[in-house]
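Commentary on secondary and tertiary structure
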Amino acid sequence: MRVAIVGAGVGGPTLAHWLRRYGHEPVLIEKAPALRTGGYVIDFWGLGYDVAERMGAIPAIRALGYDIRELRIVDGAGHVSAHLELEGFRQRVGERFVSVARSDLAEALFATCEGIEARFGLSVAALAQDPDGVDVTFTDGATERFDLLVGADGLHSKVRALAFDGPDPEVPLGCGVAAYRIAGYPHRDELTYLMHTLPRHQIARVSLRDDETLVLLIWRTEGPTTTRRPTPRAPGCASASPTSAGRPPSSSPASTTPRTSTSTGSARSDSTAGRPGASPCSATPRPAPPCSPGRARASR
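Here the structure is a predicted model, which means the values were calculated and not measured. (Residues numbered from 1 in each chain as written. Predicted model: local features only at pLDDT ≥ 70, side-chain atom pairs only at ≥ 80, totals over all residues. Heavy atoms only, no water.)

A word on the packing of aromatic side chains
Taken as a whole, this structure holds 7 aromatic pairs when the rule is applied. Their ring planes at 85 degrees and their centres at 5.0 Å tell us that Trp45 and Phe89 sit as a pair that is edge-to-face. Of the two residues, Trp45 is situated in strand 3 (residues 41–45) and Phe89 in helix 4 (residues 87–92); the sequence distance between them amounts to 44 residues. Given a relative accessible area of 36%, Trp45 falls into the partly exposed group. A relative accessible area of 33% places Phe89 in the partly exposed class. Taken together through their ring pairs, the aromatic side chains of Trp45, Phe89 and Phe97 make up a single cluster. For the cation-ring pair, Arg209 lies above Tyr66, with the distance from its terminal atom to the ring centre recorded as 4.3 Å. (Phe/Tyr/Trp six-rings, centres within 6.5 Å; stacked < 30°, edge-to-face > 60°. Helix = DSSP H or I, 4+ residues; strand = E, 2+ residues; numbered from the N terminus. Buried < 20%, exposed > 50% of the residue type's maximum accessible area, 1.4 Å probe, protein only. Lys NZ or Arg CZ within 6 Å of the ring centre and 35° of its normal.)

If you want it as structure tokens, here you go:
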């Protein structure tokens, strides 16, 4: 099958790798002009680690990642109020655990797709499906025929919006999140994730390579809400730590690099665009374990 995969984050390249391995022809479509940089640091282990190992991506992921040794919680004056050593957990999972920036994880997975066609600076403008496949019109005006279209384009999926009628299935979870990187921040706690938490607010910081520090802000906005799930348009397919101990977290300087800010939410679509009989695929990330921003699942 010839399969268009919209989104070159974590889910898209992973799906493209496996589709090619099983004899299909995937094409990656990404609206950004290049692979995205920045993003949160996530804990990578378990099933995801197993899959990445089978893809041959673990050496690159480990080279880009960090073996975080400690989670440390400090009070408003920077004094340690609690901490957790991670070595015991790392030993329990056989050292199959690494903390890595989401963009670095995506880069390592994309590297396994060498030879697969990838089109950047492009998105989907319209789609029309029939029993034999789907016609996809792109934002550059071109229309192409595919056997299957997979939306791996995140929470605010354009593919999902085009493929389904009804209200947006996104369910706000009542939190806002912002992350940014600081160059040359002088207070470093190597391989330590520092956190300071107040009611409805949390700030976290982790030291990165190249004299960079990642700061993560989380705040409560409102209570979670529920939304009715969408109706398919047609049968078929349309997936850090406050400041160093002894210093109040409020001392974080302004960012010198682009920031990322978003609301937290969850959404799911149970349909695919293309040939009938395709297995369901998720167009957006599903909820993930703590410390992970999300994970996408997609299937033929």
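Description of the side chain of Ser99
One can find Ser99 in strand 6 (residues 97–101). Within the local environment of Ser99, its side chain forms a polar contact with the side chain of Asp43, the two groups lying 2.8 Å apart. Among residues more than four places away in sequence, those in contact with Ser99 are Val41, Ile42, Asp43, Gly65, Tyr66 and Ile68. (Polar contact = N/O pair within 3.5 Å; in protein donor to acceptor, adjacent residues only side chain to side chain. Contact = heavy atoms within 4.5 Å.)

A word on the pairing of strand 6
Among the 5 residues in strand 6, 5 count as buried, and that is most of the element. Pairing geometry for strand 3 and strand 6, over 5 bridges, is antiparallel. Residue pairing across strands places Phe44 opposite Val98, the latter belonging to strand 6. (Pairing = 2+ DSSP bridges.)

Brief notes about the environment of Lys158
Mapped onto the elements of the fold, Lys158 is located in helix 6 (residues 158–163). With 33 residues separating them along the chain, Lys158 and Ala125 place their C-alpha atoms 8.3 Å apart. There is a polar contact of 3.1 Å between the side chain of Lys158 and the backbone oxygen of Val124.

With respect to the environment of Asp132
For Asp132, the location among the structural elements is in the loop between strand 8 (124–130) and strand 9 (133–138). Taking C-alpha positions, Asp132 is 9.9 Å from Arg145, a pair spaced 13 residues apart along the chain.

Observations regarding unusual backbone geometry
Look at Glu95: it is not a glycine, yet its phi comes out positive at around 65 degrees. Here Glu95 shows up in the loop between helix 4 and strand 6. Looking at Glu95, the relative accessible area reads 37%, which means it is partly exposed. Even without being glycine, Asp210 reaches a positive phi, approximately 60 degrees. Here Asp210 is to be found in the loop between strand 15 (201–207) and strand 16 (212–220).

A closer look at the sheet that holds strand 8
Reading across the sheet, the 3 strands line up as 8-9-10 and stay open at both edges, with antiparallel pairing between neighbours. A strand with exactly one partner marks an edge of an open sheet, and here the two such strands are strand 8 and strand 10 (143–146). Each strand of the sheet is rotated relative to its neighbour by a mean of 20 degrees, with strand direction disregarded. Sheet analysis places strand 9 next to strand 10, joined by 4 bridges and oriented antiparallel. Residue pairing in the sheet places Val134 in a bridge with Phe146 of strand 10. (Axes fitted to C-alpha atoms, helices over the stretch in contact; angles between N-to-C directions.)

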